[in-house]
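Structure at a glance
What follows is each chain in one-letter form.
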Amino acid sequence: MPSSITRNLITGGAGFLGSHLCDRLMEDGEEVICLDNYFTGRKANILKWIGHPNFEIIRHDVTDPIKLEVDRIWHLACPASPVHYQFNPVKTAKTSFLGTYNMLGLARRVGARLLLASTSEVYGDPEVHPQPESYLGCVNPIGIRSCYDEGKRIAESLCFDYQRMHGLEVRIIRIFNTYGPRMLPDDGRVVSNFIVQALKGEPLTLYGDGIQSRSFCFVDDLIEGMIRLMNGSYSGPINIGNPEEFTIRQLGEKVRLLVNPSLPWINLPLPDDDPRQRQPDISLATRELGWSPSVTLDQGLLPTISWFRDLLGRNLA
Ligand code: NAD
Ligand code: UDP
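Everything quoted here is computed from the prediction, not taken from an experiment.

This paragraph deals with the environment of G15. Here G15 shows up in the loop between β1 (7-11) and α1 (16-27). Classification of G15 by relative accessible area gives buried; the value is 11%. Each C-alpha atom of the pair G15 and S283 lies 28 Å from the other, and the pair is 268 residues apart in sequence.

Moving on: the pairing of strand β5 (residues 113-119). Buried residues dominate β5, accounting for seven of its seven residues. Residues of β5 alternate between two faces, with R113, L115, A117 and T119 on one and L114, L116 and S118 on the opposite face, all of them buried. Two strands pair when backbone bridges link them, and strand β4 (residues 72-75) and β5 are joined in this way by four bridges, in the parallel orientation. Of the residues in β5, the one forming a bridge with R72 is R113.

Moving on, we come to the packing of aromatic side chains. As enumerated under the stated definition, the model contains eight aromatic pairs in all. Seen in terms of ring centroids, F39 and F87 are 6.1 Å apart; in terms of plane orientation they differ by 35 degrees. Their pairing is tilted. Of this pair, F39 sits in the loop between β2 (31-36) and β3 (55-59) while F87 sits in the loop between α2 (82-85) and α3 (89-110), and the two are 48 residues apart along the sequence. Classification of F39 by relative accessible area gives partly exposed; the value is 37%.

Attention now moves to the sheet that holds β4. In space, the seven strands of this open sheet follow the order β3-β2-β1-β4-β5-β6-β11, with parallel pairing throughout. Strands with a single pairing partner mark the edges of an open sheet, and in this sheet they are β3 and β11 (238-240). For this sheet the average axis-to-axis angle between neighbouring strands, irrespective of direction, equals 20 degrees. Sheet analysis places β2 next to β3, joined by five bridges and oriented parallel. Within β3, the residue paired with D36 across the bridge is R59. The strands touched by helix α4 (residues 146-166) within the sheet are β5 and β6 (170-175), with β5 carrying the most contacts at an inclination of about 155 degrees.

Around ligand 1, the surrounding shell holds 29 residues, and the nearest of these are L17, D36, T40, L76 and Y148. Measuring from an oxygen atom of ligand 1, one finds a backbone N or O atom of G15 at 3.1 Å. One of the backbone nitrogen or oxygen atoms of C78 is found 3.4 Å away from an oxygen atom of ligand 1. Notes on ligand 1: free accessible area 830 Å², of which the protein chains cover 97%. Put simply, the parts of the chain that give the shell around ligand 1 at least two residues each are α1, β5 and α4. Of all the elements, β5 adds the most residues to the shell around ligand 1, at three residues. Broken down by class, the residue content of the shell around ligand 1 amounts to 14 nonpolar, 11 polar and four charged.

Attention now goes to helix α9 (residues 297-313). Note: α-helices contain 3.6 residues per turn, so residues at a spacing of three or four share the same orientation. Over its 17 residues, α9 runs 24 Å from end to end, which matches the ideal 24 Å to within 8%, given 1.5 Å per residue. Listing the buried residues of α9 in full gives L297, G300, L301, T304, I305, F308, L311 and L312. Projected onto a plane normal to the axis of α9, the buried residues spread over an arc of 135 degrees and lie on a single side. Phi turns positive, to about 60 degrees, at N315, one or two residues after α9.

The full count for this structure, using the stated rule, is 21 salt bridges. The residue R109 makes a salt bridge to E69 at a minimum N-O spacing of 3.8 Å. Separated by 40 residues along the polypeptide, R109 in helix α3 and E69 in the loop between β3 and β4 bring together distant segments of the chain. Among the ionic pairs, R153 bridges to E150, the shortest N-O distance being 3.5 Å. One end of the pair, R153, and the other, E150, are both in helix α4, three residues apart, so they sit about a helical turn from each other. Taking relative accessible area as the criterion, R153 reaches 30% and is therefore assigned partly exposed. Sharing partners across several salt bridges, the network here consists of E121, R145, R214, D274 and R278.

With respect to the element layout, A44 can be found in the loop between β2 and β3. Using a relative accessible area of 59% as the deciding quantity, one classes A44 as exposed. On a C-alpha basis, the gap between A44 and V190 in space is 23 Å, while along the polypeptide they are 146 residues apart.

Time to look at the nonpolar core. The nonpolar side chains of a soluble globular protein tend to be buried, and buried together. Residues L21, W74, L222 and M226 are the most contacted members of the largest nonpolar core, which totals 57 residues. The element contributing the most residues to this core is helix α6 (residues 219-231), with seven residues. Those residues in contact with L222 that sit more than four places away from it in its chain are L17, I173, I175, T178, C217 and I240. Grouped together as the second largest cluster of nonpolar side chains are 26 residues, L9, V62, L168 and V170 included.

About the criteria used
- Each residue is numbered by its place in its chain's sequence as written, counting from 1.
- By the order in which they are written, chains take letters starting at A while ligands take numbers starting at 1.
- Selection of residues for local features in this predicted model requires a pLDDT of at least 70, selection of side-chain atom pairs for listing and counting requires 80 or more, and totals for whole chains, interfaces and linings are taken over all residues.
- Note that water and hydrogens are dropped before the side-chain values are worked out from all heavy atoms of the structure.
- In this text, helices come from DSSP runs of H or I with a minimum length of four residues, and strands from runs of E with a minimum of two, each type numbered from the N-terminal end.
- When accessible area is computed with a 1.4 Å probe and restricted to protein chains, residues below 20% of their type maximum are described as buried, those above 50% as exposed, and intermediate ones as partly exposed.
- Any two strands with at least two DSSP bridges between them are considered paired.
- Each Phe, Tyr or Trp ring (for Trp, its six-membered ring) is paired with any other whose centre lies within 6.5 Å, and the angle between the two planes then decides the class: stacked below 30 degrees, edge-to-face above 60, tilted in between.
- A fitted line through C-alpha atoms represents every axis, and for helices the fit uses only the stretch in contact; the resulting angles, taken between N-to-C directions, go from 0 to 180 degrees.
- Whether two residues touch is decided by their heavy atoms; if any such pair falls within 4.5 Å, the residues are in contact.
- Consider each residue's heavy atoms; a residue with any of them within 4 Å of a molecule or strand counts as near.
- Any pair of nitrogen or oxygen atoms within 3.5 Å is treated as a polar contact; in protein, a donor-acceptor pairing is required on top of that, and neighbouring residues in sequence qualify only through side-chain atoms on both sides.
- To be clear on the numbers: accessible area is Shrake-Rupley with a 1.4 Å probe, and residue cover counts the displayed protein chains and nothing else.
- Residue type decides the class: Asp, Glu, Lys and Arg count as charged, Ala, Val, Leu, Ile, Met, Phe, Trp, Tyr, Cys and Pro as nonpolar, and the leftover types, Gly among them, as polar.
- Under the convention used throughout, the expected extent of a helix is 1.5 Å for every residue step, that is, one less than its residue count.
- This arc corresponds to the set of directions leading from the helix axis out to the C-beta atoms.
- One speaks of a salt bridge when a side-chain nitrogen belonging to Lys or Arg is within 4 Å of a carboxyl oxygen belonging to Asp or Glu.
- The set of buried Ala, Val, Leu, Ile, Met, Phe, Trp, Tyr and Cys residues whose side-chain atoms join them within 4.5 Å is what this entry labels a nonpolar core.

Below you can see the structure in the form of structure tokens.
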């Protein structure tokens, strides 16, 4: 007999954001199929749901097609950290294009609604600040970040073509830098790098002069925005991020203050194409979804630091 419970497929469900989404949907009593190839995902992130009757795991790579019966597809599968997505840039481009193409094909076959996890990287190194969704971006199509940036741009484009051609219900979220428990300690992103370095008593690695900026969103706020977008009638693209903007040096100062104020800095070269500034304009999210973030960087760093402290203490890093 068909179940009345919503059946969710989360691609990339064992990753940082995907596993928090698994938690939310499972806590809401829904069914979750977590699909992952474990490139950057970890079974430990979803361990607590293994054996639950509403929860299934599938080891699969989204670059290959798959047949499943589901109502909603949350398409998050793609490495997000520059270190990971640059490890095999051709694979990253394939994951973005073929992965999204395969998931759209699945959504069309079973009439599911699909949400694509896109990114603020579609704005590249922005000349407009803060960035509204109407800004078309400034992306280098041949640089070291382009496998990811252009990959997400073609993924967005595919979603809208499926919507126009086949009437598919799509939702596109443009995620700005998000942090929190379950980031990988070695994934190279700035929040995890600074916290892990501080906890180990190592110098903080500052790339460039540190005056480049980012706006950091706590994971719980991000997941709330993602769920509102999926449940609502607005397709997007829609920015979800915390508009509180900080230079990278200011972020490092906060981590030093919270962990060890005497830590030194070490200056390293700025990677190619590193965006100079980034801040979401969230007017659309506020208007369409009634969403705005509730956790400040100072508040969100505390549970994140505790989580890494526990991880390092258990020697699992
Ligand atoms: P993550 O690396 O922790 O998670 C990605 C997950 O996808 C991992 O579990 C990984 O194993 C899986 N995966 C990668 N390639 C796959 C493939 N070919 N087939 C199946 N599974 C695959 O990253 P995250 O931070 O959780 O990001 C999740 C999504 O959100 C990504 O699509 C990313 O582009 C997007 N996003 C994240 C941020 C952020 O700040 N965290 C910002 C912008 C966009
Ligand atoms: N960064 C840094 N030290 C680090 C890691 C990153 O100074 O150890 C800088 C990086 O050059 C960038 C910013 O922090 O300007 C954010 O980097 P991250 O990789 O977290 O995110 P993204 O650049 O993809 O927004």
